[in-house]
Amino acid sequence: CRAKTNVMFLKTHKTASSTVLNIMFRFAERYNLTVALPAGQLVHLGYPKTFLTHFVEDFQAIGQNYNIMCNHLRFNALEVQKVMAANTFYFSILRNPIRLLESSYVYYKNSVPAFWSSKDVNEYLASPMKYYHLADYKQNIYARNIMWFDFGYDNNAEDNKTYIQAVLKEIEQNFHLILITDYFDESMILLKHTLCWDLDDVIYFKLNSRSQDTFQTLTPESEERIKTWCLLDWKLYLHFNQSFWRRIEETIGLKELEKEVNHLRIRQKELMEICLSDQEAVGKDHIKNKALLPFQSGATNILGYNLKEDLDNRTLRTCQKMVMPELQYMSYLYAVQHPHKKRKKIVLP
C-alpha cells in the first residue's frame with residue numbers, strides 16, 4: 001500500500017499531541033510536503049477561536065494544496081475542508097479525562113481563572129463551581145471538557161443523551177481514526193498501519209512531558225468527581241477507547257500488536273542511545289542547548305533533551321528533529337516554507 005501524504009491531525013490539549021506533532025513535522029520534511037502553518041506571528045491556527053482559513057499562512061495563494069495540518073486549532077469541518085484535499089485522512093487523539101484534568105491543572109495553573117484560588121487539584125474538584133464561573137468560560141476552557149471544546153463543541157453543554165450521541169456520530173463521520181494517549185505505543189502502531197507508514201515514521205521521543213515532582217495525586221473521590229465534572233469528555237473517551245480496541249482487533253490483532261510495539265520500543269531505545277547524552281529527558285535547568293528548551297508553563301518543569309556532542313552531520317540533523325520542541329520546529333518550518341516572510345518571534349523563556 002502507498003503511504004498517505006494528505007493528513008490532518010486535530011491536536012488536542014494535554015494528550016501527548018506535541019509528540020504526535022513532531023512525528024507529523026518530520027514526516028512532512030521526509031516527503032517534502034507542504035504544512036498548513038499559522039499565519040504571521042500566530043503560534044496556533046487561531047486557537048481558541050473556531051478555525052477559519054485565514055489563520056493559515058498563504059492560504060489565499062496556496063489554496064487547497066496543503067498536505068499536512070497539525071497545529072492547535074478548534075475544529076471546524078467546513079473551513080478545514082477548504083484547506084485540505086478531498087482525500088485527506090483525519091485523525092486525533094484522546095486521553096483519559098482523569099489523567100488529563102490533573103495535567104491541565106498543573107500546566108495552566110497560572111493562566112486559568114478557575115484554577116487560581118484552589119491550593120491543589122483535589123481542592124478544586126471538591127467544589128468546582130465555587131471556582132469555575134461561566135462568565136469566564138473563554139479563559140476556563142482548560143478547566144472542563146477541554147477535548148469536547150477542541151473538537152468544536154460547547155464544553156459547558158448539558159448532559160443530554162441525544163445531544164451527546166449526535167456529537168459522537170458527527171466526530172465519527174469527520175475523523176477516520178481516534179487514537180488513545182493512554183496506549184500511546186499501540187496508537188503509533190495502529191497509525192502506522194492505517195497510513196501505510198514505516199516504523200521510523202512513527203518513532204518518537206516523548207516531548208512536552210513534565211518532571212515527576214510536579215504531578216499531584218488525585219484522591220479516589222476526585223477521580224470519581226472528574227467523571228461527572230468532565231462528563232462530556234468522559235463519554236467521548238469511553239466511546240472512542242472502545243472503537244480503538246475494536247479497530248486493532250479487526251486490523252492488526254493483539255498478538256501482532258504486541259510484537260510491533262516491542263519493535264517500536266527497541267528502535268526507540270536504539271535511537272536514544274545514538275542521540276542522547278543522558279539516555280533520557282532532563283529538567284529545564286539541565287538542558288545545555290537553550291535553543292532546545294521547551295516552552296515552560298504554570299507549575300510544571302517541562303523536560304527536554306541533551307544531544308551527544310560528537311554526532312556526524314546527518315545523525316545530528318535526525319536527532320535534532322527528534323528532540324526539537326514544537327514552537328521551535330514550527331518556526332523553523334515556517335522559515336523554510338515562507339523564506340520571504342518575516343520570521344516568527346518565538347519568545348523562549
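Basis of the calculations
Residues numbered from 1 in each chain as written. Predicted model: local features only at pLDDT ≥ 70, side-chain atom pairs only at ≥ 80, totals over all residues. Heavy atoms only, no water. Axes fitted to C-alpha atoms, helices over the stretch in contact; angles between N-to-C directions. Helix = DSSP H or I, 4+ residues; strand = E, 2+ residues; numbered from the N terminus. Parallel < 35°, antiparallel > 145°, perpendicular 65-115°, else oblique. Left-handed = near helix turned anticlockwise from the far one by under 90°. Contact = heavy atoms within 4.5 Å. Disulfide = S-S within 2.5 Å. Buried < 20%, exposed > 50% of the residue type's maximum accessible area, 1.4 Å probe, protein only. Core = buried A, V, L, I, M, F, W, Y, C linked by side-chain atoms within 4.5 Å. Salt bridge = Lys/Arg side-chain N within 4 Å of Asp/Glu carboxyl O.

Would you explain the packing of helix α10 (residues 184-195) against helix α13 (residues 231-251) in this entry?
Running from N to C, α10 and α13 cross one another at 55°; their axes reach a closest spacing of 11 Å. Classified by the interaxial angle, the pair formed by α10 and α13 is oblique. Relative to α13, the crossing made by α10 is left-handed. Contacts from E186, S187, L190 and T194 in α10 reach F244, W245, R247, I248 and T251 in α13.

Sorry, what's going on with the state of the cysteines here?
A complete count under the given rule lists two disulfides for this structure. Put simply, C1 and C196 are joined by a disulfide, and their sulfur atoms are 2.1 Å apart. Sign of the S-S torsion, about -125° for the bond between C1 and C196, identifies this disulfide as left-handed. Placement of C1 in the segment before β1 (7-10) and of C196 in the loop between α10 and α11 (199-202) is noted, with a sequence separation of 195 residues between them. The exposure class of C1 is exposed, given its relative accessible area of 84%. Residue classification places C196 among the buried positions, given a relative accessible area of 17%.

Would you mind showing me how to read the side chain of D233 here?
Topologically, D233 is positioned in helix α13. If near-sequence neighbours (up to four positions away) are discounted, D233 is found in contact with P97, N145, I146, M147 and W148.

Can you help me understand the nonpolar core in this one?
Nonpolar side chains tend toward joint burial in soluble globular proteins. Core analysis: the largest hydrophobic core is formed by 115 residues, its most contacted members being M69, F91 and Y124. Excluding residues that lie within four positions of it along the chain, M69 makes contacts with V7, M8, F9, A36, L45, F51, V56, V80, V83 and M84.

When you look at the pattern of salt bridges in this model, what are you seeing that I'm missing?
Proximity of charged atoms lets side chains of opposite charge pair with each other. This structure, assessed with the given rule, holds 18 salt bridges. For K11, the salt bridge identified is with E326, shortest N-O distance 3.3 Å. With K11 in the loop between β1 and α1 (17-30) and E326 in helix α16 (residues 326-337), the pair connects residues that are 315 residues apart, well separated along the chain. Under the relative-accessibility criterion, K11 is labelled buried at 2%. Using a relative accessible area of 21% as the deciding quantity, one classes E326 as partly exposed. Here K119 and E123 are joined by a salt bridge, their closest N and O atoms 3.5 Å apart. Classification of K119 as exposed rests on a relative accessible area of 62%. A single salt-bridge network, built from bridges that share partners, covers R30, D198 and D201.

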